[in-house]
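Understanding the architecture of this molecule
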Amino acid sequence: MGIAGSPSGASKSRALVEHALGCFASRGASTVLVDLATLPADALLGRGNAPAVTTALETTTRAQIVVAGTPVYRATYSGLLKLFFDLLPQDSLLGKIGVPIATGHAAAHALAVDHGLRPLFASLGATVVAAGVYGTSSQFQDGKPGAELLQAVDRAVREAWGLAGAAAR
């Protein structure tokens, strides 16, 4: 399952998550994308319940592989992604594979994958792929990711697929 953690519907990180989900689908996996920007804010803030948020949380906890994409804000993942992960029960990603994807303007924020997203996944028990993905603005042309960036996503997908298969044995 994929999580689009950008408040913008037309985000670079979402495009990479969608590509990853397409790769998983081509391997026979059923996929679903949760766009956090479309979920009710009050429920994400814990000030109420909403069926869409409940469904998104349940989908996340049932998935074998969780791909989370986010733009980098202030050197880390979006607050929207943090709110969603805070609603997941402790250890709810135990035995799951996490695929971190982040985008930012320049390479200066590339460590957001290792210092932000990896610990976020690990805090809930996920095994995180070594091949996390970070894309810069210059790796996109007209909103579309370039070949090198897509190859990085493909590597992360292959690693996650292999880890999920090993975990199922």
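These notes cover the structure that comes with them. (Residues numbered from 1 in each chain as written. Predicted model: local features only at pLDDT ≥ 70, side-chain atom pairs only at ≥ 80, totals over all residues. Heavy atoms only, no water.)

A word on the packing of aromatic side chains. Applying the stated rule across the entire model yields 2 aromatic pairs. Across the ring face of Phe140, the terminal group of Lys12 is positioned such that the distance to the ring centre comes to 5.8 Å. (Phe/Tyr/Trp six-rings, centres within 6.5 Å; stacked < 30°, edge-to-face > 60°. Lys NZ or Arg CZ within 6 Å of the ring centre and 35° of its normal.)

As a further point, take the side chain of Thr59. As for its position among the elements, Thr59 is in helix α3 (residues 51-62). With a relative accessible area of 16%, Thr59 lands in the buried category. Setting aside residues up to four positions removed in sequence, Thr59 forms contacts with Met1 and Val32. (Helix = DSSP H or I, 4+ residues; strand = E, 2+ residues; numbered from the N terminus. Buried < 20%, exposed > 50% of the residue type's maximum accessible area, 1.4 Å probe, protein only. Contact = heavy atoms within 4.5 Å.)

Attention now moves to the pairing of strand β6 (residues 133-136). Neither face of β6 is left uncovered, since the one carrying Val133 and Gly135 and the one carrying Tyr134 and Thr136 both have all their residues buried. Relative to β6, strand β4 (residues 97-104) runs parallel, the two being bridged by 4 bridges. What sits directly across from Gly104, in β6, is Thr136. (Pairing = 2+ DSSP bridges.)

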